[in-house]
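Spelled out from the first residue to the last, the chains are:
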Amino acid sequence: MKSVDIEKIKQDDRNYVLHSWAKQNQVNPKTITKAKGIFFWDDEDKKYYDMCSQLVYLNVGHAHPKLLGEFKHIGEIPISAPGFATASKAELARKIIDVAPSNMAKVFFANGGADSNDHAVKIARMATGRYKIFSRYRSYHGATFGAGNLSGESRRFTVEPGLPGFIKFDVPYLYREVIDFENEEAATKFYLDRLRNQMLYEGPETIAAVFMEPIPGSNGVLIPPKGYLEGVRELCDEFGILMICDEVMTGFGRTGKMFAVDHFDFEPDMMTFAKGVTCGYSPLGGVIVSEKVAKYFDDHVLMTGLTYSGHTVSTQIGCATLDIYKDENLIEHADEVGKVLASRLEELRGYDSVGDVRHIGLFAAVELVKDKTTKEPIIAYGMDYGKDKVGLMSQFVSLLSEFGFYTYSHESSVIIAPPLVITEQELNESMDLFEQVLTLFEKDVLFADQTVKS
């Protein structure tokens, strides 16, 4: 990295930058001075394992030579408005359809995850002539006004009163469910029966789409019980409702398959994506639509758009990114190393503060509790934001950072989602750090005034 004045960067940041999800007088960010693979270094030359891929998007790792090389060709790429056909936009759309579920046909490009979800809502309403959108509690779809209305966790409160027609329903969260189900199938039946009743109460003929993360990410990597997603698909088919899957976080290999839906036996009508399509090297997102939805717009105007739809530089980076997934076998690698992560995570169940672990591929969450018997959470629902940063979860994440393990938390869950290029050795090294911190946290913070169980 070229010589920079770190203090000036920090001073300008304090004076002129608004940081999201934080009181500004509590913000004191570090500066990344160099990065490579799964590692980055701060302005004090401290090395970190990037165990959340920045914000779960840096799938190919920091400073990937092929993607850095693409920027050398920017001068050769003509900047074109969305109405023009371009080589990179057309190629990336084809490559995405090639790896998407078999019923998918076309791609509408956006700038990122939130606006992709906004456009998906508009497309669903146009294609069905209906206006209600079902989405789930404990979901996060973005911070724009539309995506904020889709979201079902506490960050939606700032966009309320919300838009008409956005309806919430329960997400299966078996660890915190008060009903002791006999098995996953029983849980699935319970949740599907409730959803069907809610559809009937709302009037199925008014519902345009059911919008859901196949595996909710920031809200704790909530793995659906057996048959649940397939059951939602059946309900949508019964009532002529579109099923939209938000793959912004789970898409492009994060779960050990190209998309999270590939783990299940159904096909959605639409999918949204962002993050892993360019791995953050350039902003890009989009909506993948099925043949059925695409055909509707053969004879109807697609009444949505944005200035940078299919931006030529971003789509060029996207093409190179998809080549990397294939050439370096990163999807298969994520599946294999994900098994190592799963093994390490399951061992954490022996700790007094670990209530649950959930994992699929290189996508995982560790849920911490104050008491394993009562399942009392470390932090109550909706208490992440706007509070003083002295809570137990903040202390735990800060302690992880001190040990060089960089990630973030949401409520009582710590997210673990490293770059897909991570090796088995690097994974084990980072999880050794995690366990050191967990031991210290239990001893010196969480149970400091108790006798810790052996």
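See the structure above.
Conventions adopted
Per-chain numbering applies: the sequence of each chain, read as written, is numbered from 1 onward. Given that this is a predicted model, residues contribute local features only at a pLDDT of at least 70 and side-chain atom pairs are listed and counted only at 80 or more, while totals for whole chains, interfaces and linings are drawn from all residues. With hydrogens and water excluded, all non-hydrogen atoms of the structure serve as input to the side-chain values. To form a nonpolar core, buried Ala, Val, Leu, Ile, Met, Phe, Trp, Tyr and Cys residues must be joined to one another through side-chain atoms within 4.5 Å. Partly exposed describes any residue whose relative accessible area lies between the buried limit of under 20% and the exposed limit of over 50%, with all areas from a 1.4 Å probe on protein chains only and scaled to the type maximum. Helical segments are the DSSP runs of H or I of at least four residues, strand segments are the runs of E of at least two, and each set is numbered from the N terminus. Any pair of residues with heavy atoms lying within 4.5 Å of one another is described as a contacting pair. Cysteine sulfur atoms are paired as a disulfide whenever they fall within 2.5 Å. Positive residues here are Lys and Arg, negative ones are Asp and Glu, while His and the chain termini are left out of the count. Salt bridges, as used here, are contacts in which a Lys or Arg side-chain nitrogen is within 4 Å of a carboxyl oxygen on Asp or Glu. In this analysis, rings of Phe, Tyr and Trp, with Trp reduced to its six-membered ring, are considered paired at centre separations within 6.5 Å, and the interplanar angle assigns stacked below 30 degrees, edge-to-face beyond 60, and tilted for intermediate values. In our convention, an over-ring charge means Lys NZ or Arg CZ found within 6 Å of a ring centre and within 35 degrees of that ring's normal. In this analysis, strands are considered paired if DSSP registers two or more bridges between them. Candidate patch residues must exceed 30% relative accessible area and have no salt bridge, after which like charges are joined if within 9 Å and Val, Leu, Ile, Met, Phe, Trp or Tyr side chains if within 5 Å. Working definition of accessibility: Shrake-Rupley area with a 1.4 Å probe, residue cover restricted to the visible protein chains. Our arc is simply the arc of the directions from the helix axis toward the C-beta atoms.

A. Inspection of the nonpolar core at higher detail. Grouped together as the largest cluster of nonpolar side chains are 90 residues, with contacts concentrated most on Ile 288, Leu 348, Leu 368, Ile 416 and Phe 434. At eight residues, helix 13 (residues 424-446) tops the list of elements feeding residues into this core. Excluding residues that lie within four positions of it along the chain, Leu 348 makes contacts with Val 354, Val 357, Val 366, Met 431, Phe 434, Glu 435 and Leu 438. If you look at the next biggest cluster of nonpolar residues, it comprises 21 residues, including Ile 123, Ala 209, Val 287 and Ala 294.

B. Expanded view of the state of the cysteines. Under the defined criterion, the tally for this structure stands at zero disulfides. You can see Cys 52 has no disulfide; the closest cysteine sulfur is in Cys 279, sitting 14 Å from it. Here Cys 236 stays free of any disulfide, with the sulfur of Cys 245 as its closest cysteine sulfur at 9.0 Å.

C. Spotlight on the side chain of Glu 247. The residue Glu 247 is located in the loop between strand 8 (242-246) and strand 9 (270-273) in this model. No salt bridge forms around the buried Glu 247; measuring N to O, its nearest opposite-charge neighbour Arg 254 is 10 Å away.

D. Molecular detail of the packing of aromatic side chains. Applying the stated criterion across every chain yields a total of 17 aromatic pairs. A centroid spacing of 6.4 Å and a plane angle of 50° characterise the contact between Phe 39 and Trp 41, whose relative ring orientation is tilted. Look at Phe 39 and you get buried, because its relative accessible area is 11%. Relative to Phe 273, the ring of Phe 252 lies with its centre 6.0 Å away and its plane at 80°, an arrangement referred to as edge-to-face. Placement of the pair is Phe 252 in the loop between strand 8 and strand 9 and Phe 273 in strand 9, with a sequence separation of 21 residues. Note on Phe 252: relative accessible area 0%, which makes it buried. An aromatic cluster is present here, built from Phe 109, Phe 252, Phe 259, Phe 273 and Tyr 325 joined pairwise through their rings. The lysine or arginine in question, Lys 47, covers the ring of Phe 39, its NZ or CZ lying 4.1 Å from the ring centre. Of note, Arg 155 hangs over the ring of Tyr 140, and the distance from its end group to the ring centre comes to 3.8 Å.

E. How the structure looks around the pairing of strand 9. Residue alternation in strand 9 divides its side chains into two sets, Met 270 and Thr 272 and Met 271 and Phe 273, and both sets are buried. Strand direction decides the pairing type here: strand 8 and strand 9, joined by three bridges, are parallel. The residue bridging Cys 245 from the neighbouring strand is Met 271, located in strand 9.

F. Broad picture of a nonpolar patch on the surface. On the surface, Leu 68, Phe 71 and Ile 74 cluster together to form a nonpolar patch covering roughly 220 Å² of accessible area. Mapped onto the secondary structure, Leu 68 falls in helix 3 (residues 65-70).

G. Quick look at the side chain of Ser 290. Within the secondary structure, Ser 290 sits in strand 10 (residues 285-290). Residue Ser 290 is classed as buried on the basis of its relative accessible area, which comes to 3%. Beyond its immediate chain neighbours, meaning those up to four positions away, Ser 290 contacts Asn 103, Met 104, Ala 105 and Asp 269.

H. Structural detail: the sheet that holds strand 14 (residues 405-406). The strand order across the open sheet built from four strands is 1-2-3-14, with neighbouring strands paired in mixed fashion. Among the strands making up the open sheet, the edge pair consists of strand 1 (32-36) and strand 14. Strand direction decides the pairing type here: strand 1 and strand 2 (residues 39-42), joined by four bridges, are antiparallel. For Lys 34, the partnering residue across the bridge sits in strand 2 and is Trp 41.

I. Inspection of the pattern of salt bridges at higher detail. Counted under the stated rule, the structure contains 29 salt bridges. A salt bridge links Arg 344 to Glu 435, with the shortest nitrogen-to-oxygen separation between them at 3.1 Å. On the criterion of sequence distance, the pair formed by Arg 344 in helix 11 (residues 330-347) and Glu 435 in helix 13 is long-range, its members being 91 residues apart. Each member of the pair, Arg 344 as well as Glu 435, is classed as buried. Between Glu 367 and Arg 358 there is a salt bridge, with its nearest N and O atoms 3.0 Å apart. Like Glu 367, the residue Arg 358 is buried in the burial classification.

J. Highlighting helix 12 (residues 392-402). Within the span of helix 12, buried status applies to Met 393, Phe 396, Val 397, Leu 399 and Leu 400. The buried side chains of helix 12 occupy one side of the element, clustering within an arc of 155° when seen end-on. Against strand 12 (363-371), strand 14, strand 15 (409-410), strand 16 (413-416) and helix 13 lie the buried residues of helix 12. In the stretch just after helix 12, Gly 404 is the one whose phi turns positive, near 90°.

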